[in-house]
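Read off the chains here:
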Amino acid sequence: MVKSTGLKVAGAVALAFGALTLFSGWGALFGGKDMGAVVPFVLWFNFLAGFAYLAAGWGMWAARRFARPLSAAIVLASLAVGAALALHIAGGGAYEMRTVGAMSLRIVIWAVLALVAHRALPRG
C-alpha cells in the first residue's frame, strides 16, 4: 500500500470539493431558486461529477489504485464540458460569468489532484 501525506491531503480536498459540489448542485437543480442564465448541461455535469469526486477522493485518501485513472477521467471530462461551454458561449448562448469561473476552477483543481494521484499511486 502507498503511503503519502500529499495523497491524504489530495483525498481530503477532493472529498470536501465533492461534498460542496453536490450540496451546491442540489440547491441549484432542486432548490427552486432563480440562478440566472444557467447552462443546464454544465449544471448537470457538475452535479453528477460530484459523485465521482467523492469516489476519487476516497480512493486517494485510502491509496486505492482506481483513484489514478478516475482522477484523470474527471479532468478529461471537465475539459470536454469546458470546451462545450466555450462553444455554447461562442454561439451566443446565455450564461453567467460565474459558470465560466467555476468550470475553470474545477479544471485546475482536478488537474492538480490528478497529478498528485498520478505521482503517488501505481498504475492499475
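Scroll up to find the structure this text is about.
Residues numbered from 1 in each chain as written. Predicted model: local features only at pLDDT ≥ 70, side-chain atom pairs only at ≥ 80, totals over all residues. Heavy atoms only, no water.

Undergrad: I keep staring at the packing of helix H1 (residues 5-30) against helix H4 (residues 97-120) and nothing clicks. Help me out?
TA: Between two packed helices, the angle of one axis relative to the other and the distance separating the axes together describe the packing. Packing of H1 against H4 brings their axes to within 10 Å, and their N-to-C directions diverge by 145°. Viewed along their axes, H1 and H4 form a crossing whose handedness is left-handed. Residues Gly-6, Leu-7, Ala-10, Val-13, Ala-14, Phe-17 and Thr-21 of H1 form the contact with H4, whose own contacting residues are Arg-106, Ile-109, Trp-110, Leu-113, Val-116, Ala-117 and Ala-120. Class assignment for the residues of the contact of H1 with H4 results in 11 nonpolar, two polar and one charged. (Axes fitted to C-alpha atoms, helices over the stretch in contact; angles between N-to-C directions. Helix = DSSP H or I, 4+ residues; strand = E, 2+ residues; numbered from the N terminus. Left-handed = near helix turned anticlockwise from the far one by under 90°. Contact = heavy atoms within 4.5 Å. Nonpolar A, V, L, I, M, F, W, Y, C, P; charged D, E, K, R; others polar.)

Undergrad: Whenever I open this one, the packing of aromatic side chains confuses me. Can you help?
TA: Aromatic ring pairs: the centre-centre distance and the angle between the two ring planes describe each pair. Under the definition given, this model contains nine aromatic pairs. For the ring pair Phe-17 and Tyr-53, a centre distance of 5.6 Å and an interplane angle of 20° mean the geometry is stacked. Note that Phe-17 is positioned in helix H1 and Tyr-53 in helix H2 (residues 40-61), a separation of 36 residues in sequence. As far as the burial class goes, Phe-17 and Tyr-53 line up, both buried. On the numbers, 6.0 Å between centres and 80° between planes, the contact of Phe-30 with Trp-44 is edge-to-face. Residue Phe-30 is found in helix H1, and its partner Trp-44 is found in helix H2; the two are separated by 14 residues along the sequence. Look at Phe-30 and you get partly exposed, because its relative accessible area is 43%. Ring-pair connections join several aromatic residues into one group, and the members of that group are Trp-26, Phe-30, Trp-44, Phe-47 and Phe-51. When the ring centre of Trp-61 is taken as origin, the NZ or CZ atom of Lys-8, which lies over that ring, is 4.3 Å away. (Phe/Tyr/Trp six-rings, centres within 6.5 Å; stacked < 30°, edge-to-face > 60°. Buried < 20%, exposed > 50% of the residue type's maximum accessible area, 1.4 Å probe, protein only. Lys NZ or Arg CZ within 6 Å of the ring centre and 35° of its normal.)

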